Amino acid sequence: MTVWDDLVGQDRVVGQLRAAASAGRAVLAGEAGGGMTHAWLFTGPPGSGRATAARAFAAALQCVSPDLALGAEPGCGHCDGCHTALTGTHADVDVIGTELLSIGVKETRDLVRRAAMSPASGRWQVIVLEDADRLTEGAGNVLLKAIEEPAPRTVWMLCAPSVEDALPTIRSRCRHIALRTPPVDAVADMLARRDGIDPAMAAYAARATGGHIGRARRLATDEQTRTRRAEVLKLPTQLGDIGSCMAAAQRLVDAAAADAKEITEEQDARETEELRNALGASTPGGRLPSGTAGVVKELENRQKKRATRTQRDCLDLALIDLAAFYRDVLAVQFGAQVPLDNEQMRPALDSVARSATPETTLRRIEAILACRRAIDTNVAPLLAVEAMALTLRAG
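All residue numbers here refer to positions counted from 1 along the written sequence of the relevant chain. Owing to the predicted nature of the model, reporting of local features is limited to residues with pLDDT of at least 70; listing and counting of side-chain atom pairs is limited to 80 or more, with chain, interface and lining totals taken over all residues. Side-chain figures throughout are based on the complete set of non-hydrogen atoms in the structure, without hydrogens or water.

Student: Tell me what's going on with unusual backbone geometry, and back it up with residues and numbers.
Tutor: Despite not being glycine, Asn378 shows a phi value in the positive range, around 75°. Secondary structure is summarised from DSSP: a helix means a run of H or I of at least four residues, a strand means a run of E of at least two, and numbering begins at the N terminus for each. Summarising the element assignment, Asn378 is placed in the loop between helix H14 (358-376) and helix H15 (381-394). By relative accessible area, Asn378 is classed as exposed at 52%. Think of it in three bands: with a 1.4 Å probe and only protein chains considered, a residue is buried below 20% of the maximum accessible area for its type, exposed above 50%, and partly exposed in between.

Here it is, written out as structure tokens:
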């Protein structure tokens with residue numbers, strides 16, 4: 001299994017990165033390497049695998065397979081360089097993500113200092129920034145200088161949903177790698193073949209999530225996730241009057257909060273326990289040493305920010321599912337011969353399609369997209385969802 005095998009349906013991208021990794025090897029050998037550059041921007045819709053592509057490329061740059069001397073391409077997936085890069089233990093590969101709403105100047109300066117170090121292995125110092133779209137303007141300006149004048153063997157890999165999510169000054173200095181949403185059939189095949197998921201369940205999960213690999217895997221393996229998704233998709237049939245709209249909005253926000261709590265609760269408890277142990281207050285009810293309250297407060301603030309982001313992410317996924325429902329309604333209204341994400345809900349789709357016009361459906365889809373934008377700009381989630389629910393009812 002090579003480092004490229006997890007890039008489902010991205011053959012063109014794999015070809016580009018393989019060629020670049022070979023060019024990087026040529027650079028290390030003192031040869032010409034025109035296909036290698038020191039700054040890369042990976043873009044693609046959620047679930048396309050942009051961070052996976054960046055990690056695979058980082059591993060290929062660190063590949064030390066003996067087969068390279070025989071003409072093999074970098075990225076074997078088995079050597080020490082590939083293995084440690086993929087598992088996050090390679091000394092010269094830093095994968096940086098954020099659980100918060102943004103990446104600030106302080107964190108970026110620390111990252112730039114790290115990037116200026118010489119690689120311990122003598123190959124490449126690779127920095128993978130998974131959430132480049134979350135850089136504040138100040139943080140982006142700090143990063144710009146490092147990308148303009150990188151250390152000789154430092155490689156920056158930035159990941160964002162689209163080129164518009166990166167500062168113009170940054171994206172103009174990066175080589176762009178664009179990923180697409182993987183084909184549904186390819187995702188279903190991967191889930192069945194690699195994860196041992198029942199083919200019928202794999203096909204349902206891949207279709208229901210529109211080819212989003214991570215969401216498809218979770219939907220196929222977690223009964224609670226399937227139940228919550230089913231509850232979200234009942235919303236279009238629960239908007240009989242204003243009271244029911246308000247109630248449906250509340251249920252949607254509460255479900256996102258419950259989902260987020262399930263995701264973060266275990267991690268919060270583990271982090272709190274680890275901090276208490278480090279401060280010498282490991283016994284239940286043990287008092288913290290004097291002067292450590294600030295450290296505990298900082299952890300609590302970080303956990304609170306992470307919970308806020310996770311809840312917004314969970315709510316956003318629910319809104320995406322809702323938009324996909326109305327997309328299917330629109331397809332039914334036009335008689336389009338396309339696969340439906342929610343084929344198993346055909347009676348509900350037909351009922352909503354008969355009760356509205358295509359113009360109404362388009363307005364409803366726009367209301368969902370407007371709700372997503374509002375939440376992204378810090379509008380209170382419940383207010384945004386209530387406004388959306390009223391618009392969905394009115395059409």
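Once you've had a look at it, read on.
Student: Account for helix H12 (residues 293-334), with residues named and values stated.
Tutor: Taking 1.5 Å of rise per residue, 42 residues should cover 62 Å, and H12 covers 62 Å from first to last C-alpha, within 8% of that figure. Just beyond H12, the residue with positive phi is Gly335, at close to 65°. To estimate how far a helix should extend, the number of its residues minus one is multiplied by 1.5 Å.

Student: Give a description of the packing of aromatic side chains that names residues and reports values.
Tutor: Aromatic pairs are defined between Phe, Tyr and Trp rings, using the six-membered ring for Trp, whenever the two ring centres lie within 6.5 Å; interplanar angles under 30 degrees are classed as stacked, those over 60 as edge-to-face, and all others as tilted. Applying the stated rule across the entire model yields two aromatic pairs. Between Trp40 and Phe57 the ring centres are 4.8 Å apart and the planes differ by 75°, which places this aromatic pair in the edge-to-face class. Here Phe57 lies in helix H2 (residues 50-61) and Trp40 lies in strand S1 (residues 39-43), a separation of 17 residues in the sequence. Accessibility expressed as a relative area gives 0% for Trp40, which makes it buried. Ring centres of Phe325 and Tyr326 lie 5.5 Å apart, and the angle between their planes is 85°; on these two criteria the pair is classed as edge-to-face.

Student: How would you sum up the packing of helix H7 (residues 184-194) against helix H8 (residues 199-208)? Please name residues and give values.
Tutor: Packing of H7 against H8 brings their axes to within 8 Å, and their N-to-C directions diverge by 140°. As far as their axial angle goes, H8 and H7 are oblique. Helix-helix and strand crossings are classified by hand; for H7 and H8 the assignment is right-handed. Contacts between H7 and H8 involve Val184, Val187, Ala188, Leu191 and Ala192 from the first element and Pro199, Ala202, Ala203, Ala206 and Arg207 from the second. Tallied by class, residues from the contact of H7 with H8 come to nine nonpolar, no polar and one charged. Every axis in this analysis is a line fitted to C-alpha atoms, fitted for helices over the stretch in contact. Angles between the N-to-C directions lie between 0 and 180 degrees. Small angles under 35 degrees read as roughly parallel and large ones over 145 as roughly antiparallel, with 65 to 115 read as roughly perpendicular and the rest as oblique. A crossing counts as left-handed when the near helix is turned anticlockwise from the far one by less than a right angle, and as right-handed when that turn is clockwise. For this analysis, residues touch if any pair of their heavy atoms sits within 4.5 Å. Think of it as three bins: nonpolar holds Ala, Val, Leu, Ile, Met, Phe, Trp, Tyr, Cys and Pro, charged holds Asp, Glu, Lys and Arg, and polar takes everything else, Gly as well.

Student: I'd love a proper account of the sheet that holds strand S3 (residues 125-129), names of residues and values included.
Tutor: Pairing between two strands requires that DSSP report at least two bridges joining them. Pairing is parallel in the open sheet, where five strands are placed in the order S2-S3-S4-S1-S5. Whereas interior strands pair on both sides, the edge strands pair on one side only; in this sheet they are strand S2 (93-96) and strand S5 (175-178). Strand-to-strand twist in this sheet, taken as the mean axis angle between neighbours without regard to direction, amounts to 15°. Note that S1 and S5 share four bridges and pair parallel. If you follow Trp40 over to S5, its bridge partner there is Arg175. Against the sheet, helix H1 (residues 11-28) touches S1 and S5, its axis set at about 145° to S5.

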